[in-house]
Amino acid sequence: MPSKLFIIAIILFNSINFYSQGKEKDSIQEYFNRIDELIKNRANFKNDFLDENALILKKDNSTGKDKIYYLLRLYKINKYKSVDKAYKYNQEALELSKEINFKNGEYSAKANHAYLHFTNGLFEKAMNEILEVEKEINYTKYPNCYADIKTIKSYIHTERGEYDLALDIGLKQLDQAEKSKNQYALMKAYLSISHYYLRIENYKTALSYCLKGLDCVIKLRDLQYLFPKIDEIARMSAKLNNIEQAKKAYEFYLKLENEIYSPGSFIQSAVYMNIADISIHNNDLEKAQNYLSQALKMNVENNYRFRIPRALILQAELNLKTKDTINAILNYEKSIQAAEEINAFDVVKSNSAILINLYQKQNNFAKVFEYKTLYTAIKDSLFTNEKEQKIVILEARRKIKEITQTQKILKLENKAQKTRIQTIIAFLFLIIFICISILFSYLKVKQKNKLLYLKTIELAKIQLNMSKKLNKIKKSEILLTPELNDDKTPKSSNEIDDSTKNIILNKLENFEKELFFINQECTLNKLAKQLKTNPKYLSQVINQEKKSNFTCYINELRINHLLARLLTEKDFRESKLSYIAASIGYNNSNTFNTAFKKRQGILPSYFIQELIEDLK
């Protein structure tokens, strides 16, 4: 039963993704138009468009809760520009809130302090501060502050790779916000869920939640969130291969920056990394390096520790694009070190998998073992089947509320499933056909080799019997023939008389008995010299009487001699092939293999192996 529920959850989740496909693309420009309209009518919302100097002036002329309000506004403006300034204003707000016992201001300042720790990669400190505030507040009394700490908590779990916890927090936030219809809490819930989906690389769903969050930002006129939202839209559009939409988003971002103010290095470094990412995938490598260098500098100078691992990953990807594998490996390893400092274990896991592949290509097996061990440890500790199922169930529980055409979607899913099954079946039939063809070819070749082996054995046995009989027959006559000397042979004639031919044939008969042909030095010239004849005449006799050229004649003698020895000598046939080749006059195994196969149709190794098996 649980497995059926799990399958249904997956189908429902995928169905919602299918149903919502294409909506974001059409609505992004509409959001940009709404932002343009908001900027155009900013004179009607002067309090929302106050710059830092105006806020400082109002802060200096205020007291009590109003002063705390402006101090928190100053923190919000500076949290993306200057961490030091943001910390200063937030600390002043915290101290004043404690002084006048203004709990809402105190808890908000503590939540802000936790966020600053988060941006510097101090996840443990941030989490400790959140847990302290979490003990003292509830959603009903402090909805905005409660939403802030839950979002930071979800962020931390996501960065650590604890995805089930992050999603659980985000979905509970969303349920509370929807019930209360609090736009700020809704915006924060969408931030949590969008950040989660972005990190697990489900860019379509992440973009959907990002746009929902942007709707809340526009309604709230909370300008500090406009820039990161537009950056997220551009980044996720690029990940969804909508490069044109990503470019338009960044053009809108720059336009907005000119019309209002610069968002600061925290946002700017993220934008530069994302532009570099897009440029890498478009092979505009010079532009990518330019933006990436600036982003790395900003991240290091401002100690944006949780951004440094991603910047180093992008640098490694750029190195691979330029075929600089050594620096790519170096930057992946630096990224792992930076990720370990902030407990971003998902980065450690993904980079370890990449380094395993890179080191395998370099045959550096010590490093392969090192990163396989690291990868397995992280994988086993963070990504169990139980947690993966929990994530799917959490996602499905939320998505069930949004389904309006379940039956229609399920039919489409079933149709797609049938198509996939048909494709798989066709592929399996193709594989089976190929395997049968290969097996048939193999058996055919095997049968042919077996027939050639049996034929060779039969001929070898006949030759061996004939050789034994010939050795028992004694010659009744001794043919005395004068030896042929080179100086007695007429050099000008191309014809050989019968007497000379008989002399050479008799000498060849003796040559075959003496086994000079198994000598590796046996050549036409040396054999002619040994037989005391002319190489030319010797070659003619072999061609005319043996019906073969010298090389084929020698190969035939050697292989006939070999077959006889293989049939009768157990130790010889169990020797190494190189020794056997050398024993019958071949300088190397390749020459031996070629000669044997040309004459017998099979390789000597196959023949010898079959012979050994048969004799057993």
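Everything numeric in this text was worked out from a predicted model, so none of it was measured.

### A short note on the overall build of the protein chain
Across its full length, the protein chain holds 29 helices and zero strands. Considering the protein chain as a whole, with its 616 residues, one finds that 47% of them fall into the buried category. Counting only contacts in the protein chain whose residues sit at least 6 apart along the sequence, the fraction spanning at least 24 positions is 66%. Surface summary for the protein chain: the accessible area is close to 33600 Å², and the carbon and sulfur share equals 53%.

### Points about the nonpolar core
Judged by nonpolar contacts, the single largest core of 127 residues is most densely connected at Ile35, Phe118 and Ile233. Among the elements that make up this core, the one with the highest residue count is helix H10 (residues 183-199) (eleven residues). Apart from the residues within four sequence positions on either side, Phe118 is in contact with Phe123, Ala126, Ile152, Tyr155, Ile156, Glu159 and Phe306. Formed by 21 residues, the second largest nonpolar core is a distinct cluster that contains Leu562, Phe572, Ile602 and Leu611.

### A look at the side chain of Asp222
Within the element layout of this structure, Asp222 appears in the loop between helix H11 (203-220) and helix H12 (226-239). The contact partners of Asp222, leaving out residues within four places of it in the chain, are Lys76, Tyr184, Met187 and Val217.

### Points about the packing of aromatic side chains
Evaluated as defined, the whole model comprises 21 aromatic pairs. Aromatic side chains Phe596 and Phe607 sit 5.9 Å apart centroid to centroid with 45° between the ring planes, which places their arrangement in the tilted category. Remark: Phe607 occurs in helix H29 (residues 604-615) and Phe596 occurs in helix H28 (residues 589-600); sequence separation between them is eleven residues. Residues Phe596 and Phe607 agree in their burial class; the two are buried. Taken together through their ring pairs, the aromatic side chains of Tyr163, Tyr190, Tyr196, Tyr197 and Tyr209 make up a single cluster. The ring of Tyr209 is capped by Lys212, whose NZ or CZ atom sits 4.8 Å from the centre of that ring. Above the plane of the ring of Tyr586 lies Arg558, whose end atom (NZ or CZ) is 4.9 Å from the centre.

### What to know about helix H4 (residues 64-78)
Here H4 spans 21 Å end to end across 15 residues, near enough to the 21 Å set by a 1.5 Å rise per residue. Among the residues making up H4, those that are buried are Ile68, Tyr70, Leu71, Leu72, Arg73, Leu74, Tyr75, Lys76, Ile77 and Asn78. Elements in contact with the buried residues of H4: helix H3 (52-60), helix H5 (83-100) and helix H6 (103-119).

### Things to note about the packing of helix H25 (residues 550-568) against H29
Between H25 and H29, whose axes approach to 10 Å, the crossing angle comes to 25°. Judged by the inter-axis angle, H25 sits roughly parallel to H29. Like other packed secondary-structure pairs, H25 and H29 cross with a definite hand, here right-handed. In this structure, H25 uses Leu563, Leu566 and Leu567 to contact H29, whose residues at the interface are Phe607, Ile608 and Leu611.

### Observations concerning the environment of Thr322
You can see Thr322 is positioned in the loop between helix H16 (308-321) and helix H17 (325-341). In the structure, Thr322 is positioned 39 residues away from Asn283 in sequence and 9.7 Å away in space, judged by C-alpha atoms.

### Focus on the side chain of Ser62
By the secondary structure assignment, Ser62 is in the loop between H3 and H4. A polar contact is formed between the side chain of Ser62 and the backbone oxygen of Lys58, at a distance of 2.5 Å. Not counting chain neighbours up to four residues away, the residues in contact with Ser62 comprise Lys67 and Tyr70.

### Re the environment of Ser589
Along the chain, Ser589 falls in helix H28. Look at Ser589 and you get partly exposed, because its relative accessible area is 23%. Distance from Ser589 to Ser578, taken between C-alpha atoms, is 5.5 Å for residues eleven residues apart in sequence.

### Things to note about unusual backbone geometry
Backbone geometry follows two general trends: most residues other than glycine have a negative phi, and most peptide bonds adopt the trans configuration. A positive phi is found at Arg221, a non-glycine position, where the angle reads about 55°. For Arg221, the location among the structural elements is in the loop between H11 and H12. With a relative accessible area of 28%, Arg221 lands in the partly exposed category. In this model, Asn363 sits at a positive phi of 60°, which is unusual for a non-glycine residue.

### Topic: H10
For H10, with 17 residues, the first-to-last C-alpha span of 24 Å sits near the 24 Å given by 1.5 Å per residue. Burial within H10 is extensive, with 15 of its 17 residues counted as buried. The backbone nitrogen of Tyr184 has a side-chain oxygen 2.9 Å away, supplied by the residue at the start of H10, namely Asn182. Immediately beyond the C-terminal end of H10, within one or two residues, lies Glu201, with a positive phi of roughly 65°.

### What about the environment of Asn138?
Relative to the assigned elements, Asn138 resides in the loop between helix H7 (123-136) and helix H8 (143-159). Dropping the residues within four chain positions of it, Asn138 is found in contact with Pro143 and Tyr146. Within polar-contact distance, the side chain of Asn138 engages the backbone nitrogen of Thr140 at 3.2 Å.

### Let's talk about the pattern of salt bridges
Evaluation of the coordinates by the stated rule reveals 28 salt bridges. Of the charged contacts in the structure, one is a salt bridge between Glu106 and Lys110, with a shortest N-O distance of 3.3 Å. You can see Glu106 and its partner Lys110 sitting in helix H6, four residues apart, about one turn around the helix. As far as the burial class goes, Glu106 and Lys110 line up, both buried.

### Describing the packing of H17 against helix H18 (residues 345-361)
Two elements in contact, H17 and H18, have axes whose closest approach is 9 Å; the angle formed by their N-to-C orientations is 155°. On the basis of the axis angle, H17 is roughly antiparallel to H18. Of the two elements, H17 crosses H18, and the hand of that crossing is left-handed. For the pair H17 and H18, contact is made by Thr325, Ile329, Tyr332, Glu333, Ser335, Ile336, Ala339 and Glu340 and by Val347, Val348, Asn351, Ser352, Ile354, Leu355, Leu358 and Tyr359, respectively. Looking at the contact of H17 with H18, its residues break down into ten nonpolar, four polar and two charged.

Each value, and the rule that gives it
- Residues numbered from 1 in each chain as written.
- Predicted model: local features only at pLDDT ≥ 70, side-chain atom pairs only at ≥ 80, totals over all residues.
- Heavy atoms only, no water.
- Helix = DSSP H or I, 4+ residues; strand = E, 2+ residues; numbered from the N terminus.
- Buried < 20%, exposed > 50% of the residue type's maximum accessible area, 1.4 Å probe, protein only.
- Contact = heavy atoms within 4.5 Å.
- Areas by Shrake-Rupley, 256 points an atom, 1.4 Å probe, with all protein chains shown as cover.
- Core = buried A, V, L, I, M, F, W, Y, C linked by side-chain atoms within 4.5 Å.
- Phe/Tyr/Trp six-rings, centres within 6.5 Å; stacked < 30°, edge-to-face > 60°.
- Lys NZ or Arg CZ within 6 Å of the ring centre and 35° of its normal.
- Expected span 1.5 Å × (residues − 1).
- Axes fitted to C-alpha atoms, helices over the stretch in contact; angles between N-to-C directions.
- Parallel < 35°, antiparallel > 145°, perpendicular 65-115°, else oblique.
- Left-handed = near helix turned anticlockwise from the far one by under 90°.
- Polar contact = N/O pair within 3.5 Å; in protein donor to acceptor, adjacent residues only side chain to side chain.
- Salt bridge = Lys/Arg side-chain N within 4 Å of Asp/Glu carboxyl O.
- Nonpolar A, V, L, I, M, F, W, Y, C, P; charged D, E, K, R; others polar.

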